[in-house]
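Each chain, letter by letter, is given below.
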Amino acid sequence: MISHAGRAPAWTYWVVLPSVILLWALAAMVLDSNLLPAPTRVMATLLDEAANGQLWYHLGATLGRVIIAFSVAMALGTAIGLAMGRSAVTNALFDPLLVVLLNLPALVTIILMYVWFGLVETAAVLAVVINKVPNVAVTVREGARSLDSRLEQMARVYRFTRWQRFREVWVPQLFPYLMAATRGGLALIWKIVLVVELLGRSNGVGFQLHMAFQVFDVATILAYSLAFITIVQLIELAILQPLDRRANRWRQPGVAHA
Amino acid sequence: MLDLSIEPDDHAILGELSARVSPGDRICLLGPSGIGKTTLLNAIAGLDPGVAGGVRSGDSSPRIGYLFQEHRLLPWRTLQQNLRLVGVSGGEAEELLMAVGLAGKADYFPDQLSLGMARRAALARCLAIRPQLLLMDEPFASLDPDTAGTLKSLIQGILDAHPGMAMICVTHDAGDAETLANRLWYLDGKPARLQWDGPVESAGAVRHCLDGLRLGARA
């Protein structure tokens, strides 16, 4: 049995987070203010919102925007990253633009999109996409640069079609990069979507946060935040981790001899 | 009949080079190390963007099976999937694996195999496309003598079973040339040219190459 020096025992997971919640509960008790509701009150608010359907409606609206923006950003970013990683000329042409976009604050894009296109759904999603595409492109570019030229030659000798080359040779090599872009992407995108909703949409978690903010309803703010954090964790556990395991099956140890 | 012609490349590794290869020709390509033998194989396979030319069969480019030094199977695909990717059915894949002594290994991933087995799997892929020309880059390199011996008799058997297939095999070892080849190429010079092209039956040809390789002791 190989011991993993970096691996901590399971109980460590149950120390810091519960302590924070305990501290929160204590502070709420001591302060006894609406501005810091107790964890139990946040939970009650969450259950209320779930029961009257508001929670699902707004979560659904936000999740829909996240999924659309994420899909478009991943597809565009991957295409741009591949093109830049495979061609020095393309890279030199677009790199300055990439640097500008990477440093453009999300808020600026959102405001500009709303100003130019109005407070419409397309503007909202477009703003998120523009924020995310450069990150995906940079990550995928790294992957494209590290593609194994020996497998490339093999694919040429055996006359792989373009599609086979993409699916069988490139995607598996890009997989770790795509996963990194996906994880970073989800974390970033849903936060930007909330800002987009807060500034110019009439539904979604961001809109609800906006409403709650106007009446200083901290319990609702925390309830919605918690709900969305849970959803993102579920995506990680139910989709991303199984995908990781499936894609890494071929790395299993065990060597046959003859 | 295959026509091979190579124009001098950008890096001046290969000089001008032309030869005709007949079906059934078993060519061993010898030459000092670093002279450009692998470059020549890549050029023949059309893999070197810096080299104009390659191999033609009349008006078309022939089917080429290339046994690289590394197996170059897709590590994330099983042997069966790797073979099916070049166009054979599942049943044919099983047969090919059996032919190279890998029966029952269809569902293994390449990295689960030893070096010798992986090379045999790669050989099965070469055969899967029914090649007119089989290129091999030092097929016995870094194998222990037993494994190399097994692979050598396997390749001999395959060559016997495919009399119409031509072969070009890069090697350092004169013994390989004597057992596998009926024709010898000797590549040398800067830029490299074929300094010798002759039948392997001629003892003089073998000795010439061996002298060139400074392995005279074995002749």
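Residues numbered from 1 in each chain as written. Chains lettered and ligands numbered in written order. Predicted model: local features only at pLDDT ≥ 70, side-chain atom pairs only at ≥ 80, totals over all residues. Heavy atoms only, no water.

A.B. asks: Any chance you could break down the interface of chain A and chain B for me, citing the residues and the numbers?
C.D. replies: Listed as interface residues are 24 residues of chain A and, on the opposing side, 32 residues of chain B. Here chain A packs against chain B, burying approximately 2500 Å² in sum over the two surfaces, 59% of which is carbon and sulfur. Seen at the junction of chain A and chain B, the total is one salt bridge. Put simply, B:R77 and A:E168 hold a salt bridge, and the shortest N to O gap is 2.4 Å. Across the contact surface, chain A and chain B share nine residue pairs in polar contact (both at pLDDT 80 or more). Put simply, the parts of the chain that give the side of chain A that touches chain B at least two residues each are α7 (149-157) and α8 (162-200) of chain A. (Contact = heavy atoms within 4.5 Å. Buried area = accessible area lost by both parts, 1.4 Å probe. Salt bridge = Lys/Arg side-chain N within 4 Å of Asp/Glu carboxyl O. Polar contact = N/O pair within 3.5 Å; in protein donor to acceptor, adjacent residues only side chain to side chain. Helix = DSSP H or I, 4+ residues; strand = E, 2+ residues; numbered from the N terminus.)

A.B. asks: Lay out the nonpolar core with the relevant residues and their values.
C.D. replies: By size, the foremost hydrophobic cluster in this structure holds 132 residues, and its most contacted members are A:F160, B:L133, B:L135 and B:I168. No other element matches the 14 residues that α8(A) contributes to this core. Among residues more than four places away in sequence, those in contact with B:L133 are B:L2, B:I44, B:V55, B:R63, B:I64, B:G65, B:A166, B:M167 and B:I168. (Core = buried A, V, L, I, M, F, W, Y, C linked by side-chain atoms within 4.5 Å. Buried < 20%, exposed > 50% of the residue type's maximum accessible area, 1.4 Å probe, protein only.)

A.B. asks: Explain the sheet that holds strand β9 (residues 193-199) of chain B to me, using residue names and the numbers behind them.
C.D. replies: Residue and element names in this part refer to chain B. Strand order in this open sheet of six strands is β5-β6-β7-β3-β8-β9, and the pairing throughout is mixed. The outermost strands of the open sheet, each flanked by one partner alone, are β5 (64-67) and β9. Within the sheet, the average angular offset between the axes of one strand and its neighbour, ignoring direction, is 15°. Here five bridges tie strand β6 (residues 133-137) to strand β7 (residues 166-170), and the two strands are oriented parallel to one another. Within β7, the position partnered with D137 by the bridge is V170. (Pairing = 2+ DSSP bridges. Axes fitted to C-alpha atoms, helices over the stretch in contact; angles between N-to-C directions.)

A.B. asks: Could you give an account of the environment of B:L180, naming the residues involved and the relevant values?
C.D. replies: Residues and elements named next belong to chain B. By the secondary structure assignment, L180 is in helix α6 (residues 174-180). Given a relative accessible area of 5%, L180 falls into the buried group. In sequence terms L180 and D111 are 69 residues apart; their C-alpha atoms lie 28 Å from each other. What L180 contacts, discounting residues up to four positions off in sequence, is R26, F140, K152, I155, Q156, L159 and M167.

A.B. asks: Describe empty space enclosed by the protein, with residues and values.
C.D. replies: Residue and element names in this part refer to chain A. Considering all chains together, one arrives at one cavity of 30 Å³ or more under this definition. For the largest cavity, the full set of lining residues is L63, V66, L186, W190, F228, I231, V232 and I235. Breaking the lining of the largest cavity down by element, the ones donating at least two residues are α3 (54-86), α8 and α10 (218-247). No other element matches α10, which puts four residues into the lining of the largest cavity. Considering only residue class, the lining of the largest cavity consists of eight nonpolar, no polar and no charged. (1 Å grid on protein atoms, 1.4 Å probe; cavity = no way out; pocket = protein on both sides within 12 Å on 5 of 7 lines; lining within 4 Å. Points joined across faces, edges and corners; volume = space filled by probe spheres on them. Nonpolar A, V, L, I, M, F, W, Y, C, P; charged D, E, K, R; others polar.)

A.B. asks: Can you lay out helix α5 (residues 106-117) of chain A for me, pointing to particular residues and giving the numbers?
C.D. replies: All names here are of chain A. With twelve residues, α5 should cover 16 Å at 1.5 Å per step; its first-to-last C-alpha distance of 16 Å lies within 8% of that length. Taken together, the buried positions of α5 are occupied by T109, I110, M113 and Y114. The buried residues of α5 occupy one face: seen down the axis, they fall within an arc of 125°. For α5, the exposed residues lying more than 90 degrees away from the buried face are V115 and W116. On its buried face, α5 is in contact with α6 (121-145) and α8. Just past α5, the residue G118 takes up positive phi, approximately 85°. (Expected span 1.5 Å × (residues − 1). Arc of directions from axis to C-beta.)

A.B. asks: Which residues make up the sheet that holds strand β2 (residues 17-21) of chain B, and what values do they have?
C.D. replies: All names here are of chain B. Here three strands make up an open sheet; going across it, the order is β2-β1-β4 and the pairing antiparallel. In this open sheet, the two strands that pair with only one neighbour each are β2 and β4 (53-56). Pairs of neighbouring strands in the sheet enclose a mean axial angle of 5°, with direction left out of account. Summarising the sheet, strand β1 (residues 2-6) and β4 pair through four bridges and their orientation is antiparallel. Directly across from S5, in β4, lies its bridge partner G54.

A.B. asks: Can you break down unusual backbone geometry residue by residue, with the values?
C.D. replies: Residues and elements named next belong to chain B. Look at the link from K190 to P191: it is a cis peptide, with omega at -5°. Tracing the backbone shows P191 in the loop between β8 (183-188) and β9. At R72, a residue that is not glycine, the phi angle is positive and equals roughly 50°. By the secondary structure assignment, R72 is in the loop between β5 and α2 (79-84). Positive phi, close to 50°, is recorded for S142, a residue that is not glycine. According to the relative accessible area criterion, S142 is exposed, its value standing at 62%.

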